[in-house]
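# A closer look at the structure
What follows is each chain in one-letter form.
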Amino acid sequence: MMMVDADPPALPTAGLRLKHAGHYGTVRFVGEVDGSSGIWIGVEWDDPSRGKHGGSKNGKQYFRCRRPNSGSFIRPTSTIAYGRAFTQALLSKYIDESWSSGNVETLVLGSSNGAITVEAPGLDKIRKKFANIERLREISLEDEEVSSPGPLDDIKSTCRNVRGLNLSRSLLPAWEDVMSIATQLPALQCLILNHNRLGPLAKLSPHHILPTLQELRLNNTLTSWDELVFLSPIIPHLRHLQMGYNHLTKLCTTDRHREPLFPNLELLNLEGNMLDSWKDIMMALPSLFPKLDHLVLTSNQIAAVPSPDLLEQDLPILRQLSLTENLIDSWRSANALYAWLPQLEHLRITQNPIADEPASRQVLIAKSGSLKYLNGTPISSAERRDCELFYLSSIAKETKDENQLREDHPRWKELSDKYGKFEQEVVESDKLSNRLIDITLRQYAEVPEAGKLSPSIALPLRLRILPTMNLRLLRLKILKVLKKPPQTVIRIWLILDEGAVEMEMDQLSREVGYWGVEQDTDLGFLVPE
């Protein structure tokens, strides 16, 4: 018997998306490569580590990549996935047709004039599933290989009531395909497109407008700021925008905008980019996003915060800011930060050099009169008083004239008026060290039974803390002493003569004095394996 070769796999066209061996990429070339026979597919991989070169072979350039060395050539095979239509992926995920039991209905085939009947097990469940899809408000098709919107109005007739849609890690090749899907969902409020590579829209038209969209996530999509500016007219009511890990170096790459880019935007997440100019960011915010309340700049490259020119600059109205994992290293930058953001209430600034300075929390709190939370921990009135008194005591030790003190410590006069004259004798009686208490920490290997602790497994540790410290800060302080990451699980007990009382981790905002922690208190702790 003569063997017949299977048909070769269909060849893609440049611009299509594919998934191969778990990796996503974009087809950039299809054809022959000098020095070898047969057809090759040139792919630019989303993950550059999957690539081998920049689209060249033996000195000849076949295609180009947006990121260095993210390209390679692969052979056409049947194992390469080019995706499926939206509704096909939707029904595959949300309708399970493989039931082993259930009602069996008898159907008459319409073309047989009643002569042929078939049994359809589980048909009632299929109907219920379809009805459920029509009622869906949130749909996630992340990593479901969606590559096209499918037939015209197919989505609108299937799930028109959707308000939240996640199309992360899809195989959609271009923004035109995204818009074809989104415009069929008239109630859509949240669109998540993380980890995609979307070709640009050629031009905008009225049918692209998404009037109900309030949240858009474009993390790790390599979307440029100019592309975002181009798209802004079709998402006029956006309130939350995420543009993390897109290799952004600045916000305004085009001429300054006369009109706000997103007039209703409240939250902007720029985490994991390459932004290094605080001044450029701050100068852009009031004109681009006049209502912005929350800005995330975690994991960028900001090393310094210069003072604002208050005569020329409209200040942002931010109340929440994250600067975690940047390079800020001076107290002058902290002064300038609060001058730029006089209404700031929530600040995250861990994993900066300044956060490792002695008494950094106390100084950061005292330098701002508006701050209510620092690094996720609320600031109580008692803690604020302690921090401000400590700060004043530190200033009182400096031998500077009044003008220099005002420049180095913008709140000095305000705090002096608040607490009165702060001479050296007051410093000695009110300094922070006089308010600290000593506690003993003992590590245990087992959870106490009936309130009793087994012998400790390590030498006891002595720790000095403020009695106004809350449990969240105590927990972080213990983990820092142990050189454990902040997310480490830890349990803490108050050791009393009559047994051990656990300090509940659902009450992290309570001051340690709530549990009776005072001078020479013993605490036991356990770090589960």
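Residues numbered from 1 in each chain as written. Predicted model: local features only at pLDDT ≥ 70, side-chain atom pairs only at ≥ 80, totals over all residues. Heavy atoms only, no water.

The name given to the protein chain in an unreviewed UniProt entry is CAP-Gly domain-containing protein, with Botryobasidium botryosum as the source organism.

### Description of the sheet that holds strand β12 (residues 164-166)
Rules: Criterion used throughout: strands pair if DSSP finds at least two bridges between them. The helix count covers DSSP runs of H or I at least four residues long, the strand count covers runs of E at least two residues long, and both are numbered beginning at the N terminus.
An order of β10-β12-β13-β14-β15-β16-β17-β18-β19-β20-β21 is seen for the 11 strands of this open sheet, with the pairing classed as mixed. The outermost strands of the open sheet, each flanked by one partner alone, are β10 (138-140) and β21 (377-378).

### Here we look at helix α1 (residues 86-94)
Definition in use: Summary of the burial criterion: residues with accessible area below 20% of their type's maximum are buried, those above 50% are exposed, and those between are partly exposed, where the area comes from a 1.4 Å probe applied to protein chains only. Each direction from the helix axis to a C-beta atom contributes to the arc, which is the arc of those directions.
Buried within α1 we find F86, T87, A89 and L90. In an axial view of α1, the angular spread of the buried residues amounts to 160 degrees, which keeps them on one side of the axis.

### Topic: the nonpolar core
Side chains of a nonpolar character, in soluble globular proteins, are inclined to be buried together. Note the following rule: In this text, buried Ala, Val, Leu, Ile, Met, Phe, Trp, Tyr and Cys residues form a nonpolar core when linked through side-chain atoms within 4.5 Å. We call two residues in contact whenever any of their non-hydrogen atoms come within 4.5 Å of each other.
Ranked by internal contacts, the top residues of the largest apolar core, which has 79 residues, are W225, W278 and L295. Counting only elements with at least two residues in this core, the list comes to α1, α3 (154-159), α4 (175-182), α5 (225-231), α6 (278-288), α7 (331-340) and α8 (360-366). When neighbours within four sequence positions are excluded, L295 is seen to be in contact with L268, L270, I281, M282, L285, L318, Q320, L321 and S322.

### Some remarks on unusual backbone geometry
Of note in the backbone geometry, N220 takes a positive phi value of approximately 55 degrees without being a glycine. In this structure, N220 sits in the loop between β14 (215-217) and α5. In this model, H247 sits at a positive phi of 60 degrees, which is unusual for a non-glycine residue. Examined against the element boundaries, H247 turns out to sit in the loop between β15 (240-242) and β16 (267-269). With a relative accessible area of 38%, H247 lands in the partly exposed category.

### Quick notes on the packing of aromatic side chains
Quick note on the threshold: Side-chain rings of Phe, Tyr and Trp (the six-membered ring for Trp) are treated as a pair once their centres are within 6.5 Å; stacked means planes under 30 degrees apart, edge-to-face means over 60, and tilted covers the remaining angles.
Scanning the model with the defined rule gives seven aromatic pairs in all. Ring geometry for F29 and F73: centres 6.1 Å apart, planes at 85 degrees, overall edge-to-face. With F29 in strand β2 (residues 23-32) and F73 in strand β6 (residues 71-74), the pair connects residues that are 44 residues apart, well separated along the chain. Given a relative accessible area of 16%, F29 falls into the buried group. With centroids separated by 5.0 Å and ring planes inclined at 90 degrees, the aromatic side chains of Y514 and W515 adopt a geometry described as edge-to-face.

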